[in-house]
Amino acid sequence: MNQELFIAMLKDKGIELTPTQIDQFETYYQLLVEWNEKINLTAITEKEEVYLKHFFDSIMVLWEMPLADYQIKLVDVGAGAGFPSIPLKIIKPELDITIIDSLNKRINFLKILTEKLGLENVKALHGRAEDFGQNPEFRGQFDIATARAVASLNVLSEFCLPLVKKGGYFIALKAAKSDTELQEAQKAIAVLGAKLETVVEDLLPFEESERTFIKIRKTLETPKKYPRKPGKPLKQPIK
């Protein structure tokens, strides 16, 4: 997907990029490739691949699960090189973004990136999701949590749901849908005070690989014991 196709396909979905936004995506790509030579941010570096598999892929959530046009507080857990939160912020500048990642090198990249892109109301924080989830400054403070990480849904739910306020949402961006993974996560979702609301499947253009968007609504306060200590959700997922 070259830049022209990226712009055209977003326009087809009702998202018309301004010259500033087009420049921001181009700067994002250049910085991603530049920093990827110093630290491992992504295995995908070809320009057309980045525009398709990182930028477009991150934005797809907007037409499956639109975000309201006001200052939503969104936390992106394990964002790596900033996906999906930075592409979403470029499209929707009114978002208030907090990014959590356990690798400080990636956080340093994200801080420089947001400054270069001129993005306001973006905080990139180094640390473990489990620690942030027990910190009163962050626990139950966000309208939406997103995760595009590779962990299983029951693990991601324990990372993300404690950060979401009652009535808010956790949105997991996954590749192909796994019925087994969804089934295994049902107990974790319930224990953490939430309900599975919708599962939307789509195809990434051109290569037609599957994408799944899982929307989970926080209906109750998460019990105080969750999230458990760092490392435990991965080693002993709620089942």
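Please read all numbers here as calculations on a predicted model, not as lab measurements. Each chain has its residues counted from 1, running along the sequence as written. At least 70 in pLDDT is required for a residue's local features to be given in this predicted model, at least 80 for side-chain atom pairs to be given and counted, and no such filter applies to totals for whole chains, interfaces and linings, which use all residues. Remark: hydrogens and water are excluded; side-chain values derive from all non-hydrogen atoms of the structure.

A. A look at the UniProt feature "binding site: S-adenosyl-L-methionine" (unreviewed entry) in the protein. UniProt marks Gly78, Phe83, Ala129, Glu130 and Arg148 with the feature "binding site: S-adenosyl-L-methionine" (unreviewed entry), using the numbering shown here. For every residue, the accessible area obtained with a 1.4 Å probe (protein chains only) is divided by the maximum for its type, and the residue is called buried under 20%, exposed over 50%, and partly exposed between those limits. Overall, the relative accessible area of 8% leaves Ala129 in the buried class. Excluding anything up to four places from it in sequence, Ala129 contacts Val77, Ile100, Phe159 and Pro227. Runs of E in the DSSP output that reach at least two residues are strands. Runs of H or I that reach at least four are helices, and both are numbered from the N terminus. Mapped onto the secondary structure, Glu130 falls in helix α7 (residues 129-133). Accessibility expressed as a relative area gives 2% for Glu130, which makes it buried. Contact definition: two residues touch when any of their heavy atoms are within 4.5 Å. Apart from residues lying up to four places away in sequence, Glu130 is in contact with Phe159, Pro227, Arg228, Lys229, Pro230, Gly231 and Pro233. UniProt positions are given in the numbering used here, feature names are shortened, and annotations may be inferred rather than shown by experiment.

B. Focus on the sheet that holds strand β2 (residues 96-101). Spatially, the 7 strands line up as an open sheet ordered β3-β2-β1-β4-β5-β7-β6, and their pairing is mixed. Two strands close off the open sheet at either side, each with one partner strand: β3 (122-126) and β6 (194-203). Neighbour-to-neighbour, the strand axes of the sheet open up by a mean angle of 20 degrees, direction not taken into account. If DSSP finds at least two bridges between two strands, the strands pair. Two strands pair when backbone bridges link them, and β2 and β3 are joined in this way by 5 bridges, in the parallel orientation. For Ile99, the partnering residue across the bridge sits in β3 and is Ala124. Axis definition: a line fitted to C-alpha atoms, over the contacting stretch in the case of helices. Angles run 0 to 180 degrees between N-to-C directions. Strands β1 (73-77), β4 (142-147), β5 (164-174) and β7 (210-218) of the sheet are contacted by helix α8 (residues 153-160), whose axis makes an angle of about 145 degrees with β5.

C. Highlighting the pairing of β2. Summarising burial for β2: 6 of the 6 residues are buried, a large majority. Looking at chain direction, β1 and β2 are connected through 5 bridges and run parallel. Looking at β2, one finds that Asp76 is bridged to Ile99. Considered for its hand, the β-α-β crossover made up of β1, helix α5 (residues 85-91) and β2 is right-handed. For the handedness criterion, the β-α-β arrangement of β2, helix α6 (residues 104-117) and β3 is classed as right-handed. For the handedness criterion, the strands are oriented away from the viewer, and a crossover whose path from the first strand over the helix to the second runs clockwise is classed as right-handed.

D. Geometry of the environment of Glu181. Along the chain, Glu181 turns up in helix α9 (residues 179-191). Separated by 33 residues in sequence, Glu181 and Ile214 place their C-alpha atoms 11 Å apart. Look past the residues within four positions of Glu181 in its chain and what remains in contact with it is Ala151, Ser152, Leu153 and Lys174.

E. Here's a closer look at helix α3 (residues 47-59). Relative to the 18 Å expected for 13 residues at 1.5 Å per residue, α3 spans 17 Å between its end C-alpha atoms, a close match to the ideal helical length. Considered for burial, the residues of α3 that qualify are Val50, Tyr51, Leu52, His54, Phe55, Phe56, Asp57, Ser58 and Ile59. In this scheme, a helix's expected span is set at 1.5 Å multiplied by one less than its residue total.

F. Seen up close, the environment of Glu64. Its location among the elements puts Glu64 in helix α4 (residues 61-64). Distance from Glu64 to Lys215, taken between C-alpha atoms, is 9.9 Å for residues 151 residues apart in sequence. Setting aside its immediate chain neighbours within four residues, Glu64 contacts Val200, Asp202 and Phe213.

G. Representation of the side chain of Lys218 in the model. Inspection of the secondary structure puts Lys218 in strand β7. His residues and chain termini do not enter the charge count, which takes Lys and Arg as positive and Asp and Glu as negative. Should a side-chain nitrogen of Lys or Arg be within 4 Å of a carboxyl oxygen of Asp or Glu, the pair is scored as a salt bridge. One buried charged side chain, Lys218, makes no salt bridge at all; its nearest oppositely charged neighbour is Glu221, positioned 4.9 Å away. Other than its neighbours up to four places away in sequence, Lys218 contacts Leu161, Pro162, Val164, Lys165, Lys166, Gly167, Gly168, Leu192, Gly193 and Ala194.

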